[in-house]
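Spelled out, the chains give:
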Amino acid sequence: MIPSCKKELINAQAHSLLLAADVSDFPLSIAPIMKAMKIMLGYRLIFVTYSTLAEAKHTDIDGICLDMASNDARVIYDSAQDIFYVYYNDTLPKRRVKWNIIHELAHIYLGHTAEKLSIISNGRKISKARSQQIEEEANLFTRCILAPDYLVAQLIYHYSQNSLLGTYVILRSFYRLSQQASYYYACYLTKAPVLHVDKKLIAPFLPYLQRIVDTYDGAAIQVLRDQYGQEFDRCRVRYKYPERSWSTSKPELVGDIMARAFGAQENKGYA
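Residues numbered from 1 in each chain as written. Predicted model: local features only at pLDDT ≥ 70, side-chain atom pairs only at ≥ 80, totals over all residues. Heavy atoms only, no water.

Some thoughts on the pairing of strand E3 (residues 83-88)
What counts here: Under the scheme applied here, a residue whose accessible area is under 20% of the maximum for its type counts as buried, over 50% as exposed, and between as partly exposed, the area being computed with a 1.4 Å probe on protein chains only. Secondary structure is summarised from DSSP: a helix means a run of H or I of at least four residues, a strand means a run of E of at least two, and numbering begins at the N terminus for each. At least two bridges found by DSSP between two strands are what make those strands a pair.
Burial runs high along E3: six of the six residues are buried. On E3, burial covers both faces: Ile83, Tyr85 and Tyr87 on one face and Phe84, Val86 and Tyr88 on the other are all buried. The sheet contact formed by strand E1 (residues 45-49) and E3 spans five bridges and is parallel. In the sheet register, Val48 faces E3, and the bridge partner there is Tyr87. Here strand E2 (residues 73-78) runs beside E3; their pairing, made up of six bridges, is antiparallel. Paired with Asp78 across the bridge in E3 is Ile83. Turn length for the E2-E3 hairpin, with the two strands adjacent in sequence and antiparallel, is four residues, and the turn residue Asp82 shows positive phi of about 55°.

What follows is the structure, given as structure tokens:
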């Protein structure tokens, strides 16, 4: 479990990286994030695909997965050269590859890699509880990069999609997350009775939100619900998670923010 104060910090750190990478639109292109991280680390960051590594070692992808102890990705720090290497399995679906790369970058950005190295160098082992928390923090950071909750909330409330299915549809349609990531993220978001959103966080992404609401009306959202309905039902069977609807007790808290952000354009239905 991640403390609330830590969640807020990670959200702010992810927001800072998005701004540093000059990201203003979604679905996210990962190239600017990779470039921004390289600059932050003084270009002491190298990305290597499993395919490249397999060719160099004259083996197959399965062999590299065994060597890396991961089917997805892994970050390794070379202390002699002071370089971070991010190895990732490029044979997986693109959405999963994107998630995996950002997840590994999260370990660097949030200081997990340095923390682990410090513990190991002192002859200690990282606790199981801390190891689990580290993974949770990296997953949270990845979600905040790929689909910031303060943006997702705007679309959910604007289209009145305050349910697990509605949230899933928003994530799949406008952020292009994988089925698994969309379902678990939707479940995570629905735990919060109300999302309080800082208007300053939304400001850099107003053109993105404007484009979405200008392009998709209520009828289009219903089409998307129909399109993803059966897929969502399969996810509910495959990925067990307790369902709960979003609380609509005070949606105006976010709705008012969105209305002010868009200048309360009543003719477009924002107010």
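Structural notes on helix H6 (residues 112-121)
Stated formally: In this context, the arc is that of the directions from the helix axis out to the C-beta atoms. Throughout, a contact is declared for two residues whenever any of their heavy atoms are within 4.5 Å.
All buried positions along H6 are accounted for by His112, Thr113 and Ile119. Buried residues of H6, seen end-on, are gathered within an arc of 130° and therefore sit on one face of the element. Looking at the buried residues of H6, the elements they touch are E2, E3, helix H5 (94-109) and helix H7 (128-146). The positive-phi residue at the C-terminal boundary of H6 is Gly123, with phi of around 75°.

A short note on the side chain of Glu104
To be explicit about the condition: For the purpose of charge, His is not counted, nor are the chain termini; Lys and Arg are scored as positive and Asp and Glu as negative. By convention in these notes, a salt bridge is any Lys or Arg side-chain nitrogen within 4 Å of a carboxyl oxygen on Asp or Glu.
Counting through the fold element by element, Glu104 comes out in helix H5. Look at Glu104: it is buried, it has no salt bridge, and the nearest opposite charge is Arg74 at 7.1 Å. Those residues in contact with Glu104 that sit more than four places away from it in its chain are Ala73, Arg74, Val75 and Val86.

Side note on the pattern of salt bridges
In the structure shown here, the tally under the stated rule is seven salt bridges. The shortest N-O distance in the salt bridge between Lys57 and Asp67 comes to 4.0 Å. With Lys57 in helix H3 (residues 50-57) and Asp67 in helix H4 (residues 61-68), this pair connects stretches of sequence that are 10 residues apart. You can call Asp67 partly exposed: its relative accessible area is 48%. For Asp72, the salt bridge is made with Arg96, and the minimal N-O distance between the two is 2.5 Å. Taken together, the residues Asp72 in the loop between H4 and E2 and Arg96 in helix H5 connect sequence positions 24 residues apart. The class of Asp72 is partly exposed, set by a relative accessible area of 23%.

Describing the side chain of Gln154
Here is the rule: Each polar contact in these results corresponds to two N or O atoms within 3.5 Å; when the atoms are within protein, one needs to be able to donate a hydrogen and the other to accept it, and residues that are neighboring in sequence are counted only if both atoms are side-chain atoms.
Assignment of secondary structure puts Gln154 in helix H8 (residues 149-158). Polar side-chain contacts of Gln154 include one of 3.2 Å to the backbone oxygen of Tyr150.

With respect to the environment of Ala20
The topology assignment puts Ala20 in helix H1 (residues 4-20). Note: C-alpha distance between Ala20 and Met40 (20 residues apart in sequence) is 9.2 Å. Discounting chain neighbours no more than four positions away, the residues touching Ala20 are Ala36 and Met40.

Thoughts on H4
Among all positions in H4, only Ile61, Gly63, Ile64, Cys65 and Met68 are buried. Along its buried surface, H4 packs onto H3, E2 and E3.

Focus on the sheet that holds E2
Adjacent strands of a sheet pair through backbone hydrogen bonds, lying either parallel or antiparallel. This is how it is decided: For helices, the fitted axis covers only the stretch in contact; all axes are lines through C-alpha atoms, and the angles between them, taken along N-to-C directions, range from 0 to 180 degrees.
Pairing is mixed across the open sheet formed by three strands, whose spatial order is E1-E3-E2. One side of each edge strand has no neighbouring strand; the edge strands of this open sheet are E1 and E2. Taken pair by pair, the neighbouring strands of this sheet meet at an average axis angle of 20°, ignoring direction. Sitting on the sheet, H3 is in contact with E1, E2 and E3, with an inclination near 75° to E1.

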